[in-house]
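# Descriptive structure summary
Here is what each chain is made of, one letter per residue.
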Amino acid sequence: MKIEANSKALVHFNILLKDGSAADSTRVDGKPVWFIFGDGSLTDKVESKLLGSEKGETRKLDIHGSDFFGPSSPDNVHFMDINQFPVDLKLEEGSIIAFEQMGGGAIPGMVREVKGHSVKVDFNHPLADQDIIVEIEVVDIRHQE
């Protein structure tokens, strides 16, 4: 069975920086994820590179981060008052903080700048503007009806 336009694929992925260092992996917690083709969770570029893959196959994609995580958007950069943060939290440029979302769950935000009482937080994925290597191993394939 091969991945087609109406497929659902269970995959493990490793995200590597250009220097080969690991940035993220589903293998850390041992849980592969489902990619549903055509639902918009993957960009067209990534989907097209995975079409035709078979169960057990690993594909290595040398792509720009925006092709995997979506493009960076200025709408995802917010200025927050320093008083919204716990007093004991050390706010430094480059630190990543988990922000609770309404309805549960958390979203990471990177502190880009601290100026007076203003904290600039970037909610774009930190790898969206970098060239990356994504290794995707197909664990299982199912076709949608």
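Conventions and cut-offs
Residues numbered from 1 in each chain as written. Predicted model: local features only at pLDDT ≥ 70, side-chain atom pairs only at ≥ 80, totals over all residues. Heavy atoms only, no water. UniProt positions renumbered as here; feature names shortened; annotations may be inferred. Helix = DSSP H or I, 4+ residues; strand = E, 2+ residues; numbered from the N terminus. Buried < 20%, exposed > 50% of the residue type's maximum accessible area, 1.4 Å probe, protein only. Contact = heavy atoms within 4.5 Å.

If you look the protein up in an unreviewed UniProt entry, it shows as Peptidyl-prolyl cis-trans isomerase from Kangiella koreensis. A UniProt comment under Catalytic activity (unreviewed entry) is attached to the protein, and it reads "[protein]-peptidylproline (omega=180) = [protein]-peptidylproline (omega=0)". The annotation that UniProt attaches to the protein under Sequence similarities (unreviewed entry) is "Belongs to the FKBP-type PPIase family."

### Structural notes on the environment of Val111
Along the polypeptide, Val111 turns up in strand β7 (residues 106-115). By relative accessible area, which is 0% here, Val111 ends up buried. Spatially, the C-alpha atom of Val111 lies 5.1 Å from that of Glu93, the residues being 18 residues apart in sequence. The contacts of Val111, once residues within four sequence positions are left out, are Leu91, Glu92, Glu93, Gly94, Ser95, Ile97, Val119 and Lys120.

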